[in-house]
Amino acid sequence: MQTLIWKTLSPAQQADVLTRPALNDEADIGAVVKEIIAAVRSRGDEALRELSQRFERAPREQLRVSEAEIEAACARLDDDIKSAIEAAISNIRTFHAAQVQPVVRVETQPGVVCELRTQAISRVGLYVPGGSAPLPSTVMMLAIPAGLAGCREVVLCTPSPASDEILFAARACGVEKVFAIGGAQAIAAMAYGTQSIPKVDKIFGPGNAYVTEAKGQVSRDWRGSAIDMPAGPSEVLVIADDGANPAFVAADLLSQAEHGPDSQVVLVTTSPLLADAIAGEIKGQLAQLSRRDIAAQALGSSLVILCDNLDEACAISNAYAPEHLIVQTKAPRELLDKLENAGSIFLGAWTPESVGDYASGTNHTLPTYGYARTCSSLGLADYQRRYTVQELSIEGIQGLGPIVQRIADAEGLDAHKNAVTLRLNALSNQQQKD
Ligand code: HSO
Ligand code: ZN
């Protein structure tokens, strides 16, 4: 890990240090994905089967995972993993159910009623990567809010073979349509629909560079599908003072590093002594990890930043805008008001990132790559659309009408004005008759 002393850096160097590496430097990813999308759009399932032969570890003819296959997967699993998944589902469901928003109904002036309502997005597609570590937790994070929102159709795609844990989690979260197909072709299938895979309105979930590129391409096409958020490699930034436990901090940094060689890991600390102790701990713990090679690669491009005080540490974190921010200081909650731009914040020694990754209740789908400045962590609202309703009484149109007439006049839009004038005239004629 490279160590830097913040105050010795120029503003330009500081900005440079916090700049993420460029994404998708393989220039042909865009072209390859474009071809895959075109093939799936024009030839549907036939193209998917060919692509399955080329790319899947267990190519399939039948893309949909049958009830019998799901049943068999569930039967193979031990009870302890099943009950851990069920416990996590319960917490995630509780936290997301609490996000239901009441209808906002306001009478802005007498007789003018405005409402803000939410409605489920009808059809959603969930993408769950396979790869070196298939993640049943991602099924829970994507499917639970879909169920709570009341999405009419929930489709899940995952590379073949789908792991038993993924199939169990999908069933436990109420996902009915699971397809064992991954990669850009799965995104294309959900965005445009094929004979067997239904078209959806919005696609959720992480993936490799091809999946991310495919999500970008289908979301730029109005015939395609919306997407949850832009994505980059996973990240953690830890703020620690001299009260932090070096073994805990090292474990947290490593839990991010083991995700992939491109994972971003940053430690910001006021204590050089702690930084040394953490480096020692990392060495010891790393050697014990089954994914030590992956974690070591990520650590190779990770950073330790030494700063003067916690205000400076917060400013550094705010400038970086991390996906995950862990605060291991003596009074972590006191920093909360100074922290901006983090996807999810983990306060104190007893709150490792892993709890949020799996089971505390919060969603682990979070904005990366600095998007946390403007994007939010995934929640119920992402599975809903907001819309407004309004209704005016006679009193309402009589009170508001003249205001609208005047503004329509100023805009030179006569028909707009007429729509009000005709009604006001009708009312005054009626009143004269009565
Ligand atoms: N830290 C990952 C989520 C995850 N971790 C899944 C373990 N399993 C991205 O937020
Ligand atoms: Zn994780």
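Attention in this report is confined to the structure presented alongside it.

About the criteria used
- Residues numbered from 1 in each chain as written.
- Chains lettered and ligands numbered in written order.
- Predicted model: local features only at pLDDT ≥ 70, side-chain atom pairs only at ≥ 80, totals over all residues.
- Heavy atoms only, no water.
- Helix = DSSP H or I, 4+ residues; strand = E, 2+ residues; numbered from the N terminus.
- Buried < 20%, exposed > 50% of the residue type's maximum accessible area, 1.4 Å probe, protein only.
- Polar contact = N/O pair within 3.5 Å; in protein donor to acceptor, adjacent residues only side chain to side chain.
- Core = buried A, V, L, I, M, F, W, Y, C linked by side-chain atoms within 4.5 Å.
- Contact = heavy atoms within 4.5 Å.
- Pairing = 2+ DSSP bridges.
- Axes fitted to C-alpha atoms, helices over the stretch in contact; angles between N-to-C directions.
- Donors = N, O, S within 2.8 Å, 3.2 Å for Na, K, Ca; no water.

## A short note on the side chain of Ser 225
Structurally, the position occupied by Ser 225 is in the loop between helix 8 (209-219) and strand 8 (226-227). Residue Ser 225 is classed as buried on the basis of its relative accessible area of 5%. A distance of 3.5 Å separates a polar side-chain atom of Ser 225 from the backbone nitrogen of Ile 203.

## Structural notes on the nonpolar core
A general feature of soluble globular proteins is that nonpolar side chains tend to end up buried together. Counting residues in hydrophobic clusters, the biggest one holds 39 residues, and the most contacted among them are Val 124, Leu 126, Met 140, Leu 156, Val 175 and Tyr 383. The set of elements that each furnish at least two residues to this core consists of helix 3 (67-76), helix 4 (79-97), strand 4 (123-127), helix 5 (136-149), strand 5 (153-158), helix 6 (164-172) and strand 6 (177-180). The biggest single contributor to this core is helix 5, with 8 residues. Once residues lying within four places of it in the same chain are set aside, the contact partners of Val 124 are Ala 146, Cys 151, Glu 153, Val 154, Val 155, Val 200, Lys 202, Phe 204 and Tyr 383. Residues Ile 36, Ile 187, Ala 191 and Ile 197 belong to the second largest nonpolar core, which totals 27 residues.

## Details of the sheet that holds strand 11 (residues 303-306)
Ordered in space as 1-11-10-9-12-13, the 6 strands form an open sheet in which the pairing is parallel. Pairing within the sheet leaves two strands with one partner each, and these edge strands are strand 1 (2-5) and strand 13 (344-347). Each strand of the sheet is rotated relative to its neighbour by a mean of 15°, with strand direction disregarded.

## Some thoughts on the coordination of the zinc ion (ligand 2)
Each donor-metal-donor angle would ideally measure 109.5 degrees in four-coordinate tetrahedral geometry, or 90 or 180 degrees in six-coordinate octahedral geometry. Those protein atoms acting as donors to the zinc ion (ligand 2) are His 259 (NE2) and Asp 357 (OD), and they sit at 2.1 to 2.2 Å. Residue classification places His 259 among the partly exposed residues on the basis of a relative accessible area of 41%.

## Concerning the pairing of strand 11
Side chains Leu 303 and Ile 305 of strand 11 all project onto a buried face; the interleaved residues Val 304 and Leu 306 project onto the opposite face, where all are buried too. Here 4 bridges tie strand 1 to strand 11, and the two strands are oriented parallel to one another. Considered in strand 11, the bridge of Ile 5 is made with Leu 306. As paired strands, strand 10 (residues 264-269) and strand 11 are joined by 4 bridges and run parallel to one another. If you follow Thr 269 over to strand 11, its bridge partner there is Leu 306.

## Things to note about unusual backbone geometry
Of note, the bond from Ser 160 into Pro 161 is cis; its omega dihedral lies within 30 degrees of zero at 5°. Inspection of the secondary structure puts Pro 161 in the loop between strand 5 and helix 6. Even without being glycine, Asn 341 reaches a positive phi, approximately 70°. Relative to the elements of secondary structure, Asn 341 occurs in the loop between strand 12 (324-328) and strand 13. You can call Asn 341 partly exposed: its relative accessible area is 24%. For Tyr 369, which is not a glycine, the phi torsion comes out positive at approximately 60°.

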